[in-house]
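One letter stands for each residue in the lines below.
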Amino acid sequence: MLQFTNFRKSYGYHPILQIESLRIEPGIYWIKGVNGSGKSTLLKSIGGFLFFEGEILLNNVSVKKDSVPYRKMVNFADAEPIYPEFLTGWEMIALFAKAKQATPGQELYFIKSMKMESYLSNAVGSYSSGMLKKLSLVLAFLGRPKVILLDEPLITIDTESLDILCRWILKKHEEENTTFLLSSHQPLSEVLLTKARVLLVDKQTLTMEK
């Protein structure tokens, strides 16, 4: 369970998000909001990448006070991922697999289903935006995270890959009870829509749609 208490995030003197108190139970959530409303800021705060006032807890573990065990429970895929250009895809996967204590060979299911074998030996600097997106998604699914944060996961990949990603999400949630928070301007697939609840970022706060 994710819990926000007296959460405040500002850039300079400009407040972005304020969440007095909110609990998010395990599930699949679609984060909706207009451009600039704070969706990416929310996900990066939950991921432990941004300083903020207040507190975020995951299963009673604090992102501020217990950052190492907290980060082991949370995986994140950025909207526009940037990785060291000199590393290969295989090297990136090996680094993340070690950091996330993934079971040996866990990555192979994701790689094969997305048909990525042909370019993972190449340096990341040679990847197209679609290749980078697929790599970021594979990295986000490694290990056994309690929460996976996906910032605009539906952009820059083809329709077939979107269907595959949908299957990944449902499988991970059903088998491991992993919580997903997805921000997306594009509508989710019909299958995901039947499973997802909506979190609305509006008027500088976050609310659960009923």
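Look up: the structure comes first, before these words.
Residues numbered from 1 in each chain as written. Predicted model: local features only at pLDDT ≥ 70, side-chain atom pairs only at ≥ 80, totals over all residues. Heavy atoms only, no water.

(A) Spatial organisation of the packing of helix α4 (residues 106–113) against helix α6 (residues 159–176). At a closest axis distance of 10 Å, the pairing of α4 and α6 adopts a crossing angle of 150 degrees. Here α4 lies roughly antiparallel to α6, going by the angle between them. As for the relative orientation of α4 and α6, their crossing is right-handed in sense. Touching Gln106, Tyr109, Phe110 and Ser113 of α4 are Ile164, Trp168, Lys171 and Lys172, all from α6. (Axes fitted to C-alpha atoms, helices over the stretch in contact; angles between N-to-C directions. Helix = DSSP H or I, 4+ residues; strand = E, 2+ residues; numbered from the N terminus. Parallel < 35°, antiparallel > 145°, perpendicular 65-115°, else oblique. Left-handed = near helix turned anticlockwise from the far one by under 90°. Contact = heavy atoms within 4.5 Å.)

(B) Expanded view of the nonpolar core. By size, the foremost hydrophobic cluster in this structure holds 41 residues, and its most contacted members are Leu135, Phe141, Leu150, Trp168 and Ile169. For this core, the elements supplying multiple residues, two or more each, are β3 (28–32), α3 (89–99), α4, α5 (129–140), β7 (147–151), α6, β8 (179–183) and β9 (196–202). Residue contacts for isoleucine 169: discarding those within four places in its chain leaves Ile28, Phe141, Leu150, Phe180, Leu182 and Leu192. (Core = buried A, V, L, I, M, F, W, Y, C linked by side-chain atoms within 4.5 Å. Buried < 20%, exposed > 50% of the residue type's maximum accessible area, 1.4 Å probe, protein only.)

(C) Fine view of the pattern of salt bridges. Enumeration over the complete set of coordinates arrives at six salt bridges. Lysine 134 is paired through a salt bridge with aspartate 158; the nearest N and O atoms lie 3.9 Å apart. Of this pair, lysine 134 sits in helix α5 while aspartate 158 is found in the loop between β7 and α6, placing the two residues 24 residues apart along the sequence. With relative accessibility at 13%, the residue lysine 134 sits in the buried group. When its relative accessible area of 38% is taken as the criterion, aspartate 158 is described as partly exposed. In this structure, arginine 144 engages glutamate 176 in a salt bridge whose closest nitrogen and oxygen atoms are separated by 3.7 Å. Taken together, the positions of arginine 144 in the loop between α5 and β7 and glutamate 176 in helix α6 put the pair 32 residues apart, joining distant regions of the chain. Taking the relative accessible area as the measure of exposure, arginine 144 reaches 60% and is therefore exposed. The exposure class assigned to glutamate 176 is partly exposed, which follows from its relative accessible area of 23%. Taken together, the salt bridges that share partners define one network made up of Arg144, Lys172 and Glu176. (Salt bridge = Lys/Arg side-chain N within 4 Å of Asp/Glu carboxyl O.)

(D) Quick look at the packing of α3 against α5. At their nearest, the axes of α3 and α5 sit 10 Å apart, and the two run at 20 degrees to each other. By the angle class used here, α3 and α5 are roughly parallel. Where α3 crosses over α5, the handedness of that crossing is right-handed. In this structure, α3 uses Gly89, Met92, Ile93 and Phe96 to contact α5, whose residues at the interface are Leu135, Val138 and Leu139. Along the lines of polarity and charge, the residues of the contact of α3 with α5 split into six nonpolar, one polar and no charged. (Nonpolar A, V, L, I, M, F, W, Y, C, P; charged D, E, K, R; others polar.)

(E) Structural context of the side chain of glutamate 55. Looking at where glutamate 55 falls in the secondary structure, it is placed in strand β4 (residues 53–58). Despite its burial, glutamate 55 pairs with no opposite charge, the nearest such side chain being lysine 65 at 4.5 Å. Side-chain polar atoms of glutamate 55 contact the side chain of serine 62, separated by 2.9 Å. Not counting the four nearest positions on each side in its chain, glutamate 55 is found in contact with Gln3, Phe4, Thr5, Ser62, Val63, Lys64 and Lys65. (Lys, Arg positive; Asp, Glu negative; His and termini not counted. Polar contact = N/O pair within 3.5 Å; in protein donor to acceptor, adjacent residues only side chain to side chain.)

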